[in-house]
Amino acid sequence: TATALALAISAFEISAAEEYDVIVVGAGAAGCPLAQTLSEGGLKTLLIERGGDPPSTSGNIADFANVLRSECVESFSSGGVVVSTGNCMGGATSFNQGIFIEETNGWFEENFPNA
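Residues numbered from 1 in each chain as written. Predicted model: local features only at pLDDT ≥ 70, side-chain atom pairs only at ≥ 80, totals over all residues. Heavy atoms only, no water.

A. Fine view of the side chain of N87. Mapping N87 onto the fold places it in the loop between β4 (81-86) and α4 (105-111). For N87, a relative accessible area of 11% gives the class buried. A distance of 2.9 Å separates polar atoms of two side chains, one belonging to N87 and the other to R50. (Helix = DSSP H or I, 4+ residues; strand = E, 2+ residues; numbered from the N terminus. Buried < 20%, exposed > 50% of the residue type's maximum accessible area, 1.4 Å probe, protein only. Polar contact = N/O pair within 3.5 Å; in protein donor to acceptor, adjacent residues only side chain to side chain.)

The following block contains the structure:
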C-alpha cells in the first residue's frame, strides 16, 4: 500500500469540481491519522496542509538549528514564551524538540508558598 506522503499532491493539481465527503485541515499528529482512518473507512477524504515536506535531518542534534530555521517552523511569542508551529507534513511532530524548562526551588517557593 502507498504511504500518505506518497499520495500527497499539490493543491494546484486538485480540480475545483472534485467533491469530498470529508476535508481535514492540517497534516499534523491528529490530521494525518484521522484522514487515513476516514479514507480507509470508505470516505473520499481531502487532507489539506499549507506547508510542504518536513526538513530532512540525520538525527544529529546539530541538525536541529537548521530545522528551526526551515520553512517548516513558524515561531511566535505568546506572553514572552516562544511557541513553534509546524507548517509541513507531520506538523510540529516533525521537529519535536523534546525540551523542558526547569525552574529553581526558589521560584516555586515564591510563587506557590502554600504548596
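Moving on, there is more to tell.
B. Spatial organisation of the packing of aromatic side chains. Here the structure, examined in full by the defined rule, presents three aromatic pairs. A ring pair is formed by W107 and F108, whose centres lie 5.0 Å apart and whose planes are at 90°; its orientation type is edge-to-face. Judged by centre distance (5.9 Å) and plane angle (65°), the ring pair of W107 and F112 falls under edge-to-face. Residue classification places W107 among the partly exposed positions, given a relative accessible area of 34%. Among the aromatic residues, those joined into a cluster by ring pairs are W107, F108 and F112. (Phe/Tyr/Trp six-rings, centres within 6.5 Å; stacked < 30°, edge-to-face > 60°.)

C. The arrangement of the pattern of salt bridges in detail. The tally for this structure, following the rule as stated, stands at one salt bridge. For E18, the salt bridge is made with K44, and the minimal N-O distance between the two is 2.7 Å. On the criterion of sequence distance, the pair formed by E18 in the loop between α1 (4-7) and β1 (22-25) and K44 in the loop between α2 (31-40) and β2 (45-48) is long-range, its members being 26 residues apart. (Salt bridge = Lys/Arg side-chain N within 4 Å of Asp/Glu carboxyl O.)

D. Looking closely at the nonpolar core. V67, C72, V73, C88 and F95 together form the largest nonpolar core, which totals five residues. Each residue touching C72, except ones within four places of it in the same chain, is listed here: P54, P55, T85, G86, N87, C88 and F95. (Core = buried A, V, L, I, M, F, W, Y, C linked by side-chain atoms within 4.5 Å. Contact = heavy atoms within 4.5 Å.)

E. Spotlight on a nonpolar patch on the surface. Taken together, I23, V25 and I48 make up a surface patch of nonpolar side chains, about 290 Å² in accessible area. Relative to the assigned elements, V25 resides in strand β1. The class for V25 is exposed, based on a relative accessible area of 69%. (Patch = residues over 30% accessible without salt bridge, like charges linked within 9 Å, V, L, I, M, F, W, Y side chains within 5 Å. Areas by Shrake-Rupley, 256 points an atom, 1.4 Å probe, with all protein chains shown as cover.)

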